[in-house]
Amino acid sequence: MLVAIIIHAVIQEYMLDKINRRMHFSKTKHSKFNESGQLSAFYLFACVWGTFILISENYISDPTILWRAYPHNLMTFQMKFFYISQLAYWLHAFPELYFQKTKKEDIPRQLVYIGLYLFHIAGAYLLNLNHLGLVLLVLHYFVEFLFHISRLFYFSNEKYQKGFSLWAVLFVFGRLLTLILSVLTVGFGLARAENQKLDFSTGNFNVLAVRIAVLASICITQAFMMWKFINFQLRRWREHSAFQAPAVKKKPTVTKGRSSKKGTENGVNGTLTSNVADSPRNRKEKSS
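Note that the coordinates shown come from a computational prediction; the quantities given were computed from them, not determined experimentally.

S.K.: Would you take a moment to explain the overall build of the chain for this structure?
M.R.: Helix and strand content of the chain: 10 helices and two strands. When the 288 residues of the chain are sorted by exposure, 36% land in the buried category. Look at the contacts in the chain between residues 6 or more apart in sequence, and 74% of them connect residues 24 or more apart.

S.K.: What am I meant to see in empty space enclosed by the protein here?
M.R.: In this approach a probe as big as a water molecule rolls over the atoms, and the regions it shows empty are the leftover space. Applying the stated criterion across every chain yields a total of one cavity of 30 Å³ or more. For the largest cavity, the calculated volume is near 50 Å³. If you trace the largest cavity, you find it lined by Tyr70, Leu127, Leu129, Val186, Leu190, Phe205, Asn206, Val210, Arg211 and Val214. Here the lining of the largest cavity takes three residues from helix α7 (residues 208-244), the largest share from any one element. For the lining of the largest cavity, the class distribution of residues is eight nonpolar, one polar and one charged.

S.K.: Which parts of the structure should I look at to understand the pattern of salt bridges?
M.R.: For side chains of opposite charge, pairing can occur when their charged atoms come near one another. Applying the stated criterion to the full structure yields three salt bridges. We note a salt bridge from glutamate 35 to arginine 109, for which the minimum N-O separation is 3.4 Å. Of this pair, glutamate 35 sits in helix α2 (residues 27-56) while arginine 109 is found in helix α4 (residues 107-126), placing the two residues 74 residues apart along the sequence. For the salt bridge of glutamate 35 with arginine 151, the shortest nitrogen-to-oxygen distance reads 3.5 Å. Here glutamate 35 is found in helix α2, whereas its partner arginine 151 is found in helix α5 (residues 130-156), with 116 residues between them in sequence. We note that glutamate 35, like arginine 151, is buried.

S.K.: When you look at the confidence of the model for the chain in this model, what are you seeing that I'm missing?
M.R.: Overall, the prediction assigns the chain a mean pLDDT of 84, with 85% of residues at 70 or greater. With pLDDT under 50 throughout, residues 256-288 is counted as low confidence; its partners more than four residues away or in other chains account for 13 contacts.

S.K.: How should I be thinking about the environment of asparagine 128 in this particular structure?
M.R.: Its place among the elements puts asparagine 128 in the loop between α4 and α5. Residue asparagine 128 is classed as buried on the basis of its relative accessible area of 10%. Residues asparagine 128 and methionine 75, spaced 53 residues apart in sequence, show a C-alpha to C-alpha distance of 9.4 Å. In contact with asparagine 128, other than residues within four places in its own chain, are Tyr70, Pro71, His72, Asn73, Gly203 and Phe205. Polar contacts involving the side chain of asparagine 128 include one to the main-chain carbonyl oxygen of glycine 203, which spans 2.7 Å.

S.K.: I'm lost on the nonpolar core in this one. Help?
M.R.: In globular proteins that are soluble, nonpolar side chains generally tend to be buried together. Formed by 43 residues in total, the largest nonpolar core has its most connected members in Tyr43, Tyr83, Trp90, Leu134 and Tyr141. In this structure tyrosine 141 touches Phe42, Tyr43, Ala46, Cys47, Gln86, Trp90, Tyr117 and Ile121, once residues within four positions along its chain are discounted. Val143, Phe147, Ala168 and Phe171 belong to the second largest nonpolar core, which has nine residues in total.

Definitions and limits used
Throughout, residues of each chain are indexed from 1 in the direction in which the sequence is written. Only residues with pLDDT of at least 70 get local features here, since the model is predicted, and only at 80 or more are side-chain atom pairs given and counted; chain-wide, interface and lining totals rely on the full set of residues. Excluding hydrogens and water, the side-chain figures rest on all heavy atoms present in the structure. Strands here mean DSSP runs of E at least two residues long; helices mean DSSP runs of H or I at least four residues long; both are numbered from the N terminus. Remark: exposure states derive from per-residue accessible area (1.4 Å probe, protein chains only) relative to the maximum for the residue type, with buried under 20%, exposed over 50%, and partly exposed in between. Between two residues, a contact is recorded if the distance between any of their heavy atoms is within 4.5 Å. Residues are called lining when one of their atoms sits within 4 Å of a cavity or pocket point, these points coming from a 1 Å grid over the protein atoms alone, where a cavity is a set in which a 1.4 Å probe fits but cannot get out and a pocket is an open set with protein on both sides within 12 Å along at least five of seven lines. Grid points are joined across faces, edges and corners, and a volume is the space filled by probe spheres set on the points. For this scheme, ten residues count as nonpolar: Ala, Val, Leu, Ile, Met, Phe, Trp, Tyr, Cys and Pro. Four count as charged, namely Asp, Glu, Lys and Arg, and the remainder, Gly too, count as polar. The term salt bridge refers to a side-chain nitrogen of Lys or Arg lying within 4 Å of a carboxyl oxygen of Asp or Glu. Predictor confidence is given residue by residue as pLDDT, running from a minimum of 0 to a maximum of 100. Whenever two N or O atoms come within 3.5 Å, that pair is a polar contact, provided that in protein one can donate a hydrogen and the other can accept it, and provided that, for residues adjacent in sequence, both atoms are side-chain atoms. Throughout this description, the term nonpolar core refers to a set of buried Ala, Val, Leu, Ile, Met, Phe, Trp, Tyr and Cys residues connected via side-chain atoms within 4.5 Å.

This is the structure in structure tokens:
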């Protein structure tokens, strides 16, 4: 946690603050830029590190390793250090709310997603589902990295929208792939395992109640994220429609009074008619 706080401060002071002074952001954009800058750096580092572990331990070539030989209570050093680093980073996010002087209205949103990260990472670590947890974390971190890096480009140039479109497609794909891998591992792989007895000494939690709880927590979280995603897309669509909508022209109002009455007597809409032009008074002026 102390290392994460120090790295957080170094990135803030030597990178983000210098960019903020050049761009002259408003207070709202300033806080969002700092948030995306910190998270994009963390997501990129964690995604590259997790991908290296997946490749080195042959997770990609043999997907059955996600549930085979459960419980996975023996971990390599880099796997264990990865999980400890993840827990340390998200625990350090609590004091950072004070150091960054986060607004009171933003604190509940921050606490929700910090709590969700800690709940799922700690759950995968304690229930010895570290193989599945690693794959899902790398997948989720990659999608979140695209969002925050796109938001950084958007703050520098508001015409940049392509990154959000790519993120929207990959976000939906990531949610579907998360559900598929979770159901395949917990619902089919672990359900067919021979050893299905609760044993704290060996770290075996492969029982029906635990499997249902794991799948329920994953499905509820994915549904919550999709609900937030749909609301975000609807808000962007409304803002874009309001910006593109042409201004409604106001109809000219007819003022009542002497001038309007005089105008109607002299013609239609203020123009002379043929009868008025040929009136006796006009013919007398012409003859003189």
